[in-house]
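# Coordinate analysis (summary)
Letter by letter, the chains look like this.
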Amino acid sequence: MWEILSLCTPTEWARSTIPDPLIWKRGSLGEVLNGDRLTNSLYNLKFREVKDGEILCEKNLTISDVTRLRNAVNEDFYFQMYYDDLPMWGFLGKVENSSWSPGENRPRYFLFKHVQFDAFYNGDQIIEINAFSDPNHVVDITDDVEVNIKFTYSAFWNPTSVGFKERMSKYLRASLLPIHRQIHWFSLINSTVILILLLGLMTLLFMRRLRNDLKQYSAGDDEEENDVARKYVCGELFRPPSHFPLFCAVLGSGMQLLTMVCFLSLLAFLGVLYPYSRGSLCTALVLSYILTSVVGGFTATSFQSQFAETGSAWTVPLTGIVYLGPVLVIGFVLNTISIAYGATAALPVGTIFIITFIFVPITVLLLSLGGVIQRFCRTEVRTPSVMRKSLREIPPLAWYRNLPCQMILGGLLSFSSVVLELYELYSTLWGFKISVLPGTLFVTLVILIIVTAVLSVVLTHIQLSSEDHDWWWRCVFRGGSAAILMFAYCVYFYTRSNMSGFLQLSIFMGYSALMCYAIFLILGTVSFIASLMFVCRNYEAVKSE
């Protein structure tokens, strides 16, 4: 990759008008995690200095150089540069299909040799800059022959009335094009309609069934039989499930990730995070995850202390492992693959040292701090006064009441409310373009959370009405099942994209799996908390009735 982009070597630089050597920029944490490696360029752009046909360098391309460049042009390689923190892009070349020409049955490959910079300024501040690869200045690299190329560039400066604070708004216009705007509106309308219909239908059915249950519990004929059945279910509702420390760790991790997403959305609304801010998003992700570890430790320890008297020693360590463990394992595997391929996605030794011996210990300390804070802010949950000593056996259930069927039902409904926005999201993440705005993402997330919570409450009531008291883990899996369908959509997106090769496949699947796993934990936590609030409220209603 670097051999392709380094068209002008230091030898050619010495013969050019630019005396500066190649200097690598020291990247931030986010830039390193993104795989961005920045260096200076030969283009000597001075403020308001017009240049036309300036010679950059002269390069003699060997046959191997021509082959690499032809492959790069065929795969739509492009360059990305920054000027005053403003990004600009341009393609290396173009492909022309010559099948219509007599005697030609193969495409022709052309390399751009001239770049035109169009900059706009307001006073003494740069507002906008674009890089334009001139298609009229090309060289044919179709055949395997040596080529001598003289690279040139031009720079033109134009005044503008746009203010400095609005100069980043240009990079949001891509998502506001008519076709993108229609997709966003249609997606939001689809999600809202599904949410309204689901809330209306489920509320009608749910309230009717709940009213019938309350009437049955208060009926005189079968009062004793119904009261016994109610006590059987209520006596098992708040019994901690198996692997309870792990269950609390899942809830703690989900609440931590949800808090992190809300915090990042707030930063985006305030303008702290903006598109193409060179690694600031990755930096904010790492720092916000570390800081919200207090929330994860507090939440996990809170549930552990409320429902169980033993196993608290494992809760905080498991909370740190539930999500951070897979992140470190997958990151190690992807880093090893990147090193084998010589890709810039490979992390330097210094970054690995910082993550391993600074960030991870700080995360563990903040998790423990959250557990300590919880001991001084302990809250109680109303539980039944009588808890059965022996676990009651669950009666046989119909096939549609089993966990797989409920996961499919809950996952499909939740997934259908956001499916239209997923393509734009993945295009933003993997297509290196802005297709969706932070506000749209946040609204979509809110709708997804509401749909998941409503479905969880309804499915939990249906489960408890059949005297199935094993609802704790089921709520997590039912709520998180939408993330499984999202990962399946990731696989579909990859098959429809132009990505290829084991390196791209590994990075895409690895990061997509981590993203969907985080969504699984968030939705699973939301699902359980919504069901827990309903169960507590329902128990009080039944008891008062």
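Refer to the structure printed above.
In short, a report on the structure. (Residues numbered from 1 in each chain as written. Predicted model: local features only at pLDDT ≥ 70, side-chain atom pairs only at ≥ 80, totals over all residues. Heavy atoms only, no water.)

A positive phi angle, near 65 degrees, is found at Arg-48, a position not held by glycine. Along the chain, the position of Arg-48 falls in the loop between α3 (29-34) and β1 (51-61). With a relative accessible area of 47%, Arg-48 lands in the partly exposed category. Here His-243, not a glycine, exhibits a phi torsion of approximately 55 degrees, which is positive. Of note, His-243 is situated in the loop between α6 (223-234) and α7 (244-270). (Helix = DSSP H or I, 4+ residues; strand = E, 2+ residues; numbered from the N terminus. Buried < 20%, exposed > 50% of the residue type's maximum accessible area, 1.4 Å probe, protein only.)

A separate point is empty space enclosed by the protein. Counted under the stated rule, the structure contains 1 cavity of 30 Å³ or more. Of the volumes computed, that of the largest cavity is approximately 40 Å³. Lining of the largest cavity is provided by Gly-410, Ser-414, Thr-452, Leu-455, Ser-456, Leu-459, Arg-478 and Gly-479. Listed by contribution, the elements that provide at least two residues to the lining of the largest cavity are α13 (403-416), α15 (438-465) and α16 (472-496). Of all the elements, α15 adds the most residues to the lining of the largest cavity, at 4 residues. Looking at the lining of the largest cavity residue by residue, the classes come out as 2 nonpolar, 5 polar and 1 charged. (1 Å grid on protein atoms, 1.4 Å probe; cavity = no way out; pocket = protein on both sides within 12 Å on 5 of 7 lines; lining within 4 Å. Points joined across faces, edges and corners; volume = space filled by probe spheres on them. Nonpolar A, V, L, I, M, F, W, Y, C, P; charged D, E, K, R; others polar.)

The topology assignment puts Phe-534 in helix α17 (residues 502-544). Using a relative accessible area of 11% as the deciding quantity, one classes Phe-534 as buried. In this structure the C-alpha to C-alpha distance between Phe-534 and Thr-460, which are 74 residues apart in sequence, comes to 8.8 Å.

This part is about the pairing of strand β7 (residues 125-133). Here strand β6 (residues 114-122) pairs with β7 via 8 bridges, running antiparallel. Bridge pairing links Asn-122 to Gln-125 in β7. Counting the residues between successive antiparallel strands, the hairpin from β6 to β7 contains 2 residues, one of them, Gly-123, with a positive phi of roughly 70 degrees. (Pairing = 2+ DSSP bridges.)

What follows concerns the pairing of strand β2 (residues 78-83). Here β2 shows one buried face, formed by Phe-79, Met-81 and Tyr-83, and one open face, formed by Tyr-78, Gln-80 and Tyr-82. Bridging between β2 and strand β3 (residues 86-91) involves 6 bridges; their strand directions are antiparallel. Its bridge partner being in β3, Gln-80 is matched across the sheet by Trp-89. Where β2 hands over to β3, the hairpin turn is made up of 2 residues, of which Asp-84 adopts a positive phi near 55 degrees.

Here we have 3 strands laid out as an open sheet, ordered β4-β5-β8, and antiparallel in their pairing. Of all the strands in the sheet, the pair left with one neighbour each is β4 (93-96) and β8 (138-140). Neighbour to neighbour, the strand axes of the sheet diverge by 30 degrees on average, direction disregarded. When β4 meets strand β5 (residues 108-112), the two strands line up antiparallel, connected through 4 bridges. The residue bridging Glu-96 from the neighbouring strand is Arg-108, located in β5. Across the sheet, helix α4 (residues 63-74) is in contact with β4 and β5; its angle to β5 comes to roughly 100 degrees. (Axes fitted to C-alpha atoms, helices over the stretch in contact; angles between N-to-C directions. Contact = heavy atoms within 4.5 Å.)

As a further point, take helix α11 (residues 324-341). For an α-helix the count is 3.6 residues per turn, leaving residues at separations of three or four pointing the same way. Helix length check: α11, at 18 residues, gives a terminal C-alpha distance of 26 Å against a target of 26 Å (1.5 Å per residue), a fit within 8%. Within α11, burial applies to Leu-324, Leu-334, Asn-335, Ile-337 and Ser-338. What you see down the axis of α11 is that its buried residues fit within an arc of 165 degrees, all on one side. Turned more than 90 degrees away from the buried face of α11 sit Val-329, Phe-332, Ile-339 and Ala-340, all of them exposed. (Expected span 1.5 Å × (residues − 1). Arc of directions from axis to C-beta.)

The strand order across the open sheet formed by 4 strands is β1-β9-β6-β7, and the pairing between neighbours is mixed. Looking at strand neighbours, the two that pair on one side only are β1 and β7, the edges of this open sheet. Strand-to-strand twist across the sheet, computed as the mean angle between neighbouring axes with direction ignored, equals 20 degrees. Relative to the sheet, α4 contacts β1 and β9 (147-159), its axis offset from that of β1 by approximately 120 degrees.

This structure, assessed with the given rule, holds 27 aromatic pairs. Relative to Trp-157, the ring of Phe-47 has its centre 5.4 Å away and its plane inclined at 75 degrees; by these criteria the two rings are edge-to-face. Of this pair, Phe-47 sits in the loop between α3 and β1 while Trp-157 is found in strand β9, placing the two residues 110 residues apart along the sequence. Here Phe-47 falls in the partly exposed class, since its relative accessible area comes to 35%. Centre to centre, the rings of Phe-247 and Phe-528 are 4.9 Å apart; their planes meet at 85 degrees, and the pair counts as edge-to-face. Placement of the pair is Phe-247 in helix α7 and Phe-528 in helix α17, with a sequence separation of 281 residues. Of the two residues examined, Phe-247 and Phe-528, each falls in the buried class. Among the aromatic residues, those joined into a ring-pair cluster are Phe-244, Phe-247, Phe-303, Trp-471, Trp-472, Trp-473, Phe-477, Phe-520 and Phe-528. Lys-94 extends its terminal NZ or CZ atom over the ring of Phe-110, reaching a point 5.8 Å from the ring centre. (Phe/Tyr/Trp six-rings, centres within 6.5 Å; stacked < 30°, edge-to-face > 60°. Lys NZ or Arg CZ within 6 Å of the ring centre and 35° of its normal.)

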